[in-house]
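So you can see what is in the structure, the chains are spelled out below.
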Amino acid sequence: MIFVLSISGVFIGLSIYFYFRAEGLQRALFSAKKESISAKKENKYYIDSMAVIAKRHEDFVKHRLQIIKDSEILELETIEIISPLINNYAAIFIECSKGKGKLQPIAKKCYESYGDEAFKKLVAHVTKQEANVKRMWSSNNLSGYISLIEALLLTNTKKNA
C-alpha cells in the first residue's frame, strides 16, 4: 500500500510540475509570438521606408540627369551609358540593400533590356574612370552604388563644364 501511495505521490508531483512547466512555456510562446508580430510590423515599416527613400533618390538623380541633358554638359554617349543605372535606380537600390555582392548582377539584369553590349559599355566606361570610381563599382554594394552614381554625374559634369 505504501508503495502504491508513493508511486501515486510521485505521479501527482510530476503532473503538477509538468502542468506549471507547460504554463510557463505557454506564456513564453505567447510573448515570442507577440514579439514576432511586432518585428514583422517593424520590418514592413523599414521596407516601406527604404522603398520611399529609393524612389526619392531616383527622382532626384533623374532630375539631375535631365538638367545635365538639357544643358548638354555630358556627351550623348555618356548619357546613354549611365541612363539605365539611373532609370532603374530604385530597383537597384532595393536589391543592393539586401546584401553585398548585388550591384553588378542587378545592373547587368537592368542593362539586358537596353541591348547585348550595353552592360559591357558600362563596364568599359567605369574602367576608364578614376581609381575611386572603379573602387565604388567593385565594392558591389549599396554604398558603392550611391557613390558611383554621384561620382559619374559629378566627374562627367566637371570634365565637360
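Before any of the text, the structure's been laid out above.
No experiment lies behind these values; they were computed from the predicted model shown.

1. Some words on the overall build of the protein chain
No. 1: Broken down by element type, the protein chain carries seven helices and zero strands.
No. 2: Order of helices (α) and strands (β) in the protein chain, N terminus to C terminus: α-α-α-α-α-α-α.
No. 3: Here the C-alpha radius of gyration of the protein chain, 29 Å, is well above what a compact globule of 161 residues would show, namely 15 Å.
No. 4: In terms of overall dimensions, the protein chain has a C-alpha envelope of 105 × 30 × 25 Å along the principal axes.
No. 5: When each of the 161 residues of the protein chain is scored for burial, the buried share is 29%.
No. 6: Across the protein chain, contacts joining residues at least 24 apart in sequence account for 69% of those joining residues at least 6 apart.

2. A short note on a nonpolar patch on the surface
No. 1: Where nonpolar side chains cluster on the molecular surface, the patch consists of Phe11, Ile12, Ile16, Tyr19 and Phe20 and spans about 580 Å² of accessible area.
No. 2: Residue placement: Phe20 occurs in helix 1 (residues 2-71).
No. 3: By relative accessible area, which is 54% here, Phe20 ends up exposed.

3. Here's the deal with the packing of helix 1 against helix 3 (residues 89-96)
No. 1: Axis separation between helix 1 and helix 3 bottoms out at 8 Å; the angle between their running directions is 140 degrees. In terms of their interaxial angle, helix 1 and helix 3 are classed as oblique. Note on packing geometry: the crossing formed by helix 1 with helix 3 is right-handed. Where helix 1 approaches helix 3, its residues Met50, Ala51, Ile53, Ala54, Lys55, His57, Glu58 and Val61 are matched on the opposing element by Tyr89, Ala90, Phe93 and Ile94.

4. Regarding the pattern of salt bridges
No. 1: Under the criterion given, the structure shown has eight salt bridges.
No. 2: Across the salt bridge formed by Glu58 and Lys55, the nearest N and O atoms sit 3.3 Å from each other. Separated by three residues within a single helix, Glu58 and Lys55 lie in helix 1, roughly one turn from each other.
No. 3: Across the salt bridge formed by Lys120 and Glu117, the nearest N and O atoms sit 4.0 Å from each other.
No. 4: Judged by its relative accessible area of 55%, Lys120 is exposed.
No. 5: Several salt bridges converge on common partners, so that one network encompasses Lys55, Arg56, Glu58, Asp59 and Lys62.

5. Describing the nonpolar core
Side chains of a nonpolar character, in soluble globular proteins, are inclined to be buried together.
No. 1: Judged by nonpolar contacts, the single largest core of 33 residues is most densely connected at Leu85, Ile92, Leu122, Trp137, Tyr145, Ile149 and Leu153.
No. 2: Of all the secondary structure elements, the ones that give two or more residues to this core are helix 1, helix 2 (76-87), helix 3, helix 4 (103-112), helix 5 (118-127), helix 6 (131-139) and helix 7 (142-160).
No. 3: Excluding residues within four positions of it along the chain, Ile92 makes contact with Leu85, Leu103, Ile106, Cys110 and Tyr145.

6. A short note on unusual backbone geometry
No. 1: Not every positive phi belongs to a glycine, and Asn140 is a case in point at roughly 60 degrees.
No. 2: Among the structural elements, Asn140 can be located in the loop between helix 6 and helix 7.

The rules we used
- Residues numbered from 1 in each chain as written.
- Predicted model: local features only at pLDDT ≥ 70, side-chain atom pairs only at ≥ 80, totals over all residues.
- Heavy atoms only, no water.
- Helix = DSSP H or I, 4+ residues; strand = E, 2+ residues; numbered from the N terminus.
- Rg over C-alpha atoms; globule rule 2.2 N^0.38 Å.
- Buried < 20%, exposed > 50% of the residue type's maximum accessible area, 1.4 Å probe, protein only.
- Contact = heavy atoms within 4.5 Å.
- Patch = residues over 30% accessible without salt bridge, like charges linked within 9 Å, V, L, I, M, F, W, Y side chains within 5 Å.
- Areas by Shrake-Rupley, 256 points an atom, 1.4 Å probe, with all protein chains shown as cover.
- Salt bridge = Lys/Arg side-chain N within 4 Å of Asp/Glu carboxyl O.
- Axes fitted to C-alpha atoms, helices over the stretch in contact; angles between N-to-C directions.
- Parallel < 35°, antiparallel > 145°, perpendicular 65-115°, else oblique.
- Left-handed = near helix turned anticlockwise from the far one by under 90°.
- Core = buried A, V, L, I, M, F, W, Y, C linked by side-chain atoms within 4.5 Å.

Fair warning: the whole summary comes from geometry, so function is off the table for now.
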